[in-house]
Amino acid sequence: MRQRLLDEPDRYRGRRRVPTPPRSRYAAVVTTAFVGAGLVALGASAMPDAKGVSPSALDELRQASVTSQDFADRASDAERASRDTTRLAADEAAEPEVWLLPLQGYEFTTPYGMHWGELHTGIDLVAPEGTPYVSIHDGTVTKAGWYGGYGYTVIVRHADGSEAIYGHSSLVSVQEGQQVKAGDQLGLVGNTGHSYGSHLHLELHVKGEPLDPVPWLQERGVDIKLQVEAIYSDVAAS
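Conventions used here
- Residues numbered from 1 in each chain as written.
- Predicted model: local features only at pLDDT ≥ 70, side-chain atom pairs only at ≥ 80, totals over all residues.
- Heavy atoms only, no water.
- Helix = DSSP H or I, 4+ residues; strand = E, 2+ residues; numbered from the N terminus.
- Contact = heavy atoms within 4.5 Å.
- Core = buried A, V, L, I, M, F, W, Y, C linked by side-chain atoms within 4.5 Å.
- Buried < 20%, exposed > 50% of the residue type's maximum accessible area, 1.4 Å probe, protein only.
- Polar contact = N/O pair within 3.5 Å; in protein donor to acceptor, adjacent residues only side chain to side chain.
- Pairing = 2+ DSSP bridges.
- Phe/Tyr/Trp six-rings, centres within 6.5 Å; stacked < 30°, edge-to-face > 60°.
- Lys NZ or Arg CZ within 6 Å of the ring centre and 35° of its normal.

Looking at an unreviewed UniProt entry, the chain carries the name Peptidase family M23, with the source organism given as Micromonospora pallida.

Here it is, written out as structure tokens:
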């Protein structure tokens, strides 16, 4: 019997035996398999259970949501501010220009035109000496003082290039280079220069040439003859 076993061919002779992996490697393989299976199962679910998410991850998600909402609120505020600025600019651009009467309680006497063979280049408004007169429009004072036959005179250049000349003053209240608004006092009615009595001589020049102030001011809501101003003048002067 022993001889037969010794003589029987060894079925495993010449073959390599697969070594059994060490216990540590075996544990690693099994652990990897379980982890892989867990990942597949997690990926297959539509939404993870909140109980299975770490508190730190939930805090990060909440913080990201708050930050995103903060950015959205800031963008909304910036857009609202931009709209308000645009609306304000449009309102300012739409605001009408203010033109006013140069004084109150006067008598319209000499109009613009030819008189005694000479061109009277303005209009005369008779008022008691010392009556205050004001600027008919916003502008810059280019002359404030004696001006030949005009006597004491104030000249105001407006933004559109036109000029208003206020002549025969008894006193001027402004200085050259001063910025004035419609309704600002410029001086007092007088009888200086080549004058026949106490009155305000008013001229308007456009491109250096005199023109009739009556129709010019009528186009801008001011009627010199009727002593009427546009309705918004009260608001501008307040």
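And the narrative resumes.
Student: What is the right way to read the side chain of T121 from this model?
Tutor: Residue position: T121 is located in the loop between β3 (118-120) and β4 (123-126). Apart from the residues within four sequence positions on either side, T121 is in contact with Y112, Y150, H201, E203 and P210.

Student: Just checking my understanding: could you explain the nonpolar core for this structure?
Tutor: Note that soluble globular proteins tend to have their nonpolar side chains buried in a common cluster. Ranked by internal contacts, the top residues of the largest apolar core, which has 26 residues, are L103, Y133, V154, Y166, L186 and L217. Secondary-structure elements contributing two or more residues to this core are β4, β7 (152-157), β8 (163-172), β10 (185-189), β11 (199-206) and α4 (213-218). Every residue in contact with L103, bar those within four places of it in the chain, is listed here: L125, A127, T131, P132, Y133, V189 and L200.

Student: Help me out: how do you make sense of the environment of E163 in this one?
Tutor: Summarising the element assignment, E163 is placed in strand β8. Judged by relative accessible area, E163 falls into the buried class, the value being 16%. Considering only alpha carbons, one finds E163 and T142, 21 residues apart in sequence, at a separation of 9.3 Å. Once residues within four sequence positions are removed from consideration, E163 is found in contact with T142, I155, V156, R157, H158, E203, L204 and H205. Of the polar contacts made by the side chain of E163, one reaches the side chain of R157; its length is 3.1 Å.

Student: So what exactly am I meant to see when it comes to the pairing of β4 here?
Tutor: Look at any regular strand and the pattern is simple: side chains alternate between the two faces of the sheet. Sheet topology note: the strand β1 (residues 107-108)/β4 ladder contains two bridges and is antiparallel. Within β4, the position partnered with F108 by the bridge is L125. Bridge count for β4 against β11 is four bridges, and the pairing is antiparallel. Opposite I123, over in β11, you have L202 as the bridge partner.

Student: What exactly am I supposed to notice about the packing of aromatic side chains here?
Tutor: The geometry of two aromatic rings is summed up by the distance between their centres and the angle between their planes. Applying the stated criterion across every chain, the model contains four aromatic pairs. Seen from their ring centres, W99 and W216 are 6.3 Å apart, and the 80° between their planes marks the pair as edge-to-face. With W99 in the loop between α3 (55-94) and β1 and W216 in helix α4, the pair connects residues that are 117 residues apart, well separated along the chain. Judged by relative accessible area, W99 falls into the buried class, the value being 1%. A residue is classified by how much of its surface remains accessible, and W216, at 13% relative accessible area, is buried. Both rings, one in Y133 and one in Y166, keep their centres 5.6 Å apart while their planes meet at 15°; by these two values the pair is stacked. In this pair, Y133 is assigned in strand β5 (residues 132-134) and Y166 in strand β8, connecting sequence segments 33 residues apart. An identical accessibility class is assigned to Y133 and Y166; each is buried. Here the guanidinium or amino end of R220 rests over the ring plane of W99, the centre of that ring lying 5.5 Å away. Above the plane of the ring of W216 lies R220, whose end atom (NZ or CZ) is 3.5 Å from the centre.

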